Amino acid sequence: MRLGRNFHKALVASGFANLADGVFQVALPLLAVQLTRSPVLIAGVAIAARLPWLLAPVAGAIADRLDRRQTMIRVNLVRTVLLGGLALAVAADLATLAMLYAVALLLGFAETLFDTSAQSLLPAVVARDDLTRANSRLFAVEMVANTFVGPPLGGLLAAAGLAVAMGVPAAAYLVGAGCLVLIAGGFRAAGAGAAGPVRLRDDIAEGARFVWRHPLLRPLAIMLGVQNMAFAAVYSVFVLFAVAPGPMGLTKAGFGILSAAEGLGALAGSWLAAPTERRLGRVRTLLLSVVLSAGCLVVPVVTTLPVLVGASMALTGVAMMLWNVLTVSLRQRITPDRLLGRMNASYRLVGWVLAEALGLRAAFAVAAVVVLAVLAGFRYVTEEAVARAEGAEAAEAPTG
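Residues numbered from 1 in each chain as written. Predicted model: local features only at pLDDT ≥ 70, side-chain atom pairs only at ≥ 80, totals over all residues. Heavy atoms only, no water.

**Observations regarding the overall build of the protein**
Okay, so step 1: A count of helical and extended segments in the protein gives 15 helices and zero strands.
Okay, so step 2: For the protein, the residues scored as buried account for 50% of the 400 residues in total.
Okay, so step 3: In the protein, 88% of the contacts between residues at least 6 apart in sequence involve partners at least 24 apart. (Helix = DSSP H or I, 4+ residues; strand = E, 2+ residues; numbered from the N terminus. Buried < 20%, exposed > 50% of the residue type's maximum accessible area, 1.4 Å probe, protein only. Contact = heavy atoms within 4.5 Å.)

**So, the packing of helix 2 (residues 39-50) against helix 5 (residues 97-125)**
Okay, so step 1: One way to put it is that helix 2 packs onto helix 5 with a least axis distance of 7 Å and a crossing angle of 25 degrees. Regarding the angle of helix 2 to helix 5, the classification is roughly parallel. Between helix 2, through Val40, Leu41, Gly44, Val45, Ala48 and Ala49, and helix 5, the contact on the second element is made entirely by Leu97, Leu100, Tyr101, Ala104, Leu105 and Gly108.
Okay, so step 2: Considering only residue class, the contact of helix 2 with helix 5 consists of ten nonpolar, two polar and no charged. (Axes fitted to C-alpha atoms, helices over the stretch in contact; angles between N-to-C directions. Parallel < 35°, antiparallel > 145°, perpendicular 65-115°, else oblique. Nonpolar A, V, L, I, M, F, W, Y, C, P; charged D, E, K, R; others polar.)

**Brief notes about the side chain of serine 120**
Okay, so step 1: Note that serine 120 resides in helix 5.
Okay, so step 2: Within the structure, serine 120 has its side chain in polar contact with the backbone oxygen of threonine 116 (distance 2.8 Å). (Polar contact = N/O pair within 3.5 Å; in protein donor to acceptor, adjacent residues only side chain to side chain.)

**Observations regarding the environment of glycine 15**
Okay, so step 1: One can find glycine 15 in helix 1 (residues 5-35).
Okay, so step 2: In this structure the C-alpha to C-alpha distance between glycine 15 and glutamate 142, which are 127 residues apart in sequence, comes to 6.1 Å.
Okay, so step 3: Setting aside its immediate chain neighbours within four residues, glycine 15 contacts Val141 and Ala145.

**What to know about the packing of aromatic side chains**
Okay, so step 1: This model, assessed by the stated rule, comprises zero aromatic pairs.
Okay, so step 2: The positively charged end of arginine 79 is found above the aromatic ring belonging to phenylalanine 114, 4.6 Å away from the centroid.
Okay, so step 3: When the ring centre of tryptophan 212 is taken as reference, the NZ or CZ atom of arginine 218 above it lies at 5.6 Å. (Phe/Tyr/Trp six-rings, centres within 6.5 Å; stacked < 30°, edge-to-face > 60°. Lys NZ or Arg CZ within 6 Å of the ring centre and 35° of its normal.)

**Some points on the confidence of the model for the protein**
Okay, so step 1: Overall, the prediction assigns the protein a mean pLDDT of 83, with 89% of residues at 70 or greater.
Okay, so step 2: Of all the helices and strands in the protein, helix 13 (residues 340-357) carries the lowest mean pLDDT, 61, while helix 4 (residues 68-91) carries the highest, 95.
Okay, so step 3: Scored below 50 in pLDDT, residues 354-362 shows 17 contacts in the model against residues more than four places distant or in partner chains. (pLDDT = per-residue confidence, 0-100.)

**Let's talk about a nonpolar patch on the surface**
Okay, so step 1: Together, Ile47, Leu51, Leu54 and Leu105 make up an exposed nonpolar region whose accessible area comes to about 350 Å².
Okay, so step 2: Mapping leucine 51 onto the fold places it in the loop between helix 2 and helix 3 (56-65).
Okay, so step 3: By relative accessible area, which is 41% here, leucine 51 ends up partly exposed. (Patch = residues over 30% accessible without salt bridge, like charges linked within 9 Å, V, L, I, M, F, W, Y side chains within 5 Å. Areas by Shrake-Rupley, 256 points an atom, 1.4 Å probe, with all protein chains shown as cover. Salt bridge = Lys/Arg side-chain N within 4 Å of Asp/Glu carboxyl O.)

**Looking at helix 7 (residues 162-181)**
Okay, so step 1: Its 20 residues place the ends of helix 7 30 Å apart at the C-alpha level, agreeing with the 28 Å of an ideal helix rising 1.5 Å per residue.
Okay, so step 2: For helix 7, the elements touching its buried residues are helix 1, helix 4, helix 5 and helix 6 (131-160). (Expected span 1.5 Å × (residues − 1).)

**Description of the nonpolar core**
Okay, so step 1: Counting 54 residues, the largest nonpolar core has Phe7, Leu83, Leu86, Leu100, Val126 and Met166 as the members making the most contacts within it.
Okay, so step 2: A per-element tally of this core places helix 1 first, with twelve residues.
Okay, so step 3: Once residues within four sequence positions are removed from consideration, valine 126 is found in contact with Leu3, Phe7, Leu131 and Ala134. (Core = buried A, V, L, I, M, F, W, Y, C linked by side-chain atoms within 4.5 Å.)

**So, the pattern of salt bridges**
Okay, so step 1: Scanning all chains against the criterion turns up two salt bridges.
Okay, so step 2: Arginine 68 serves as the salt-bridge partner of aspartate 64, at 2.6 Å between the closest nitrogen and oxygen.
Okay, so step 3: The buried category is assigned to aspartate 64, whose relative accessible area is 4%.
Okay, so step 4: We classify arginine 68 as buried; its relative accessible area is 1%.

**Structural notes on the side chain of glutamine 119**
Okay, so step 1: Assignment of secondary structure puts glutamine 119 in helix 5.
Okay, so step 2: Among the polar contacts listed, one links the side chain of glutamine 119 to the side chain of arginine 331, at a separation of 3.0 Å.

**Notes on helix 6**
Okay, so step 1: Under the 1.5 Å per step criterion, the end-to-end length of helix 6 is 41 Å for 30 residues, consistent within 8% with the ideal 44 Å.
Okay, so step 2: A maximum bend of about 45 degrees is found in helix 6 at glycine 150, where proline proline 151 lies one to four positions downstream.
Okay, so step 3: Note on helix 6: the residue one or two positions beyond its end, glycine 161, has a positive phi of about 150 degrees. (Bend = angle between axes of the 7 residues up to and from the residue.)

**Here's the deal with unusual backbone geometry**
Okay, so step 1: A positive phi is found at aspartate 93, a non-glycine position, where the angle reads about 60 degrees.
Okay, so step 2: Here aspartate 93 lies in the loop between helix 4 and helix 5.
Okay, so step 3: On the basis of relative accessible area, aspartate 93 is assigned to the exposed category, the value being 68%.

What follows is the structure in C-alpha cells.
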C-alpha cells in the first residue's frame, strides 16, 4: 500500500532537517574551538544545546495547542534565520562565544518543538495500520541524513569555511519548510481549544498524568529510560575501551569505522521493523530487542576482537531501531490526538533524564544486567495489554 503524497512530502522535509542537524553537529564544536580553547566552555556549548530537552513538556503542550504542520514550518524558518545570522556573523568575523551559546540554546528548544510536533503529526498523515511502516521509513531517512551524510558533509564544508558550514544547514531548513508548506490539510490537534482557555501548566500536567497513569505507556517509558541509562553509561567510557592504550588498541580512524557499525545496524533495523513485527508480533519483537541489546553489551566483556565487537554494535543498532520504531508507532496509536504532543514530550523526558543520571564508570557487564532488568516490564507490556490500549483509543477516535 502507498503511504500517500503527504507522507512523502513529510519524509523529504525530515530528510532535509536531519541533514541540517548532521552538518551542524560537526560545525558547532569546530566553531566553538575557533572562539575558545577552554574545554569547559566548549563542552558548555553542547550542554546548552541539550538543556532545552528539560523543557520538552512545554514543547509538547505548545504542539497540542497549535497546528503541528504550521509549527514545524515556523520552527524551520526560525532555524534558518538563526543559522543564517550566525553564518553572516562568522563571515564578518563578528561571532562571539555568547552568541554561539544563545544560538545553541535556541536551536535546542527549536529541535524539541519540531521533533515533538513531527511525531504528533504522523498519525494524521497515514492510516493507523501503516504507522509502523511509515515510522520505519522516517527513521531510515533520519539515520542516513543525520549520521552518514550530514557529519562528513559538515567536515567538508567546514574545511571550505565555517560560514559555509553554518549557511548550508540554514538553507536545508528552509527547503524543509518549503516541503511542509506543500502538505495538504489542517493538522491542529482534535479538540484543541474546545474547552476554552487553559493554563499552559495545566496542559503540561494533563500530559504527564496521562503517561504516568496509562497502564502501557508508564512501563514503556520506564523501560526506555533504564535502557538509555545503561547505554549512556557504556558509551561515555567506550572510547577509553576501544582506542589505544585501551584493551582494543584501535587507532582514531579505526574507532571511527567501528562507530559506524551501529549506524549501519540501525539503518538495517529501520527496514526490518515492519516485517519483524508482522512475523513475531509487537511484544515478542520488543522482547527480542531487549535480549539482543543485553547480549551485545556482554560481547566486550569476553573479547576485544574488533570484528566481534563491531558485529555486536551492529546488532545493537538493529535492536535499538526495532524498539524505537515499534514503541513510537504504538504510542501514536494508543494516545488521543489532543494529547499526542504532551505524551511524546513527557515520554522522551523520562528517557532523557534517566539517561543522564548514571555515573560514568559503569561496566559493560553491569549495563547488560541493567538492560536485562527491563524484562520485568513485560509483566505489564503484553499482547493483551496492547490490544486493550489500542481498542480503547479506537473507540474514542472521532469518526467522520
